[in-house]
Each structure stands twice: as C-alpha cells, then as structure tokens.
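Descriptive structure summary
Residue strings, one per chain:
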Amino acid sequence: MTAAVPPRPRPAQVPVLTEVIEIQAPAVAPAPELPSEQQIAQRVMQDVQRQIDGMLDFRLREALAPVLARHTDALVQDLRQELSRTLIDVVNRAVSQELAKLRQR
C-alpha cells in the first residue's frame, strides 16, 4: 500500500491563483453626449452668419468699387478746377501788387 502523501504547506508569500487574477471589466469610455437641438441650431446659425457676412462684404465691395471710382474722379476734377481758380487768383493778385510797386517808383 502506498502511503498517502500529506499536502505540502503553502508558503505565505506565494499568492493563490484567485488573488493574482483580478477580473475587471474593460474600461469603456462613456458615450459622448449628443448636442441638444438648441446647440445644433446655434452652431448652424453661426455658420450661416459667417457665410452671409463674407458674401455681403464681397458683394458690397463689388458694387461700391465703380461708384467710388466715379465719385473719386469727379472729386479730383472738382479739386483741380478749384485749385486752378485759386492759382489764377493768387497770380493775378501778385501781378497787381508788383505793378502797383512799379508805378509807385
């Protein structure tokens, strides 16, 4: 007959298998919170506003450029005429003053 082998005592520093393996559920990232209808509407309004601003700026520049060019040309011509009249007046006065000085001598 074979003698029964007594179980060996477990050393205190060796952990039991159930202590080594900890069953943990894999970390699942929480589902991203969906934006509310109001947040979506606000985002859409901001995008549309940006597009409208850009288009309005472009159209205004496109429409105003020829108008401003015509008015600038007209203003330059008016200023030239006024400067010409002023120069003629200044020259006439200077000539009159010189003639008056010559007559007094």
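Each remark here, short or long, concerns the structure printed above.
Because the structure is a prediction, the values reported are computed rather than measured.

Assigned secondary structure in the chain consists of 2 helices and 0 strands. Split into buried and exposed, the 105 residues of the chain put 0% on the buried side.

Further remarks concern the pattern of salt bridges. The tally for this structure, following the rule as stated, stands at 5 salt bridges. Among the salt bridges present, the one from R93 reaches D89, with a minimum N-O distance of 3.5 Å. Of this pair, R93 and D89 both sit in helix 2 (residues 37-104), 4 residues apart, which is roughly one turn of that helix. Looking at R93, the relative accessible area reads 54%, which means it is exposed. Looking at D89, the relative accessible area reads 35%, which means it is partly exposed.

The next point concerns helix 2. Its 68 residues give helix 2 an end-to-end C-alpha distance of 95 Å, which sits within 8% of 100 Å, the value for a rise of 1.5 Å per residue. Along helix 2, the helix axis deviates most sharply at L64, where the bend reaches about 35 degrees; the proline P66 sits within four residues downstream.

So, how was this worked out
Residues numbered from 1 in each chain as written. Predicted model: local features only at pLDDT ≥ 70, side-chain atom pairs only at ≥ 80, totals over all residues. Heavy atoms only, no water. Helix = DSSP H or I, 4+ residues; strand = E, 2+ residues; numbered from the N terminus. Buried < 20%, exposed > 50% of the residue type's maximum accessible area, 1.4 Å probe, protein only. Salt bridge = Lys/Arg side-chain N within 4 Å of Asp/Glu carboxyl O. Expected span 1.5 Å × (residues − 1). Bend = angle between axes of the 7 residues up to and from the residue.

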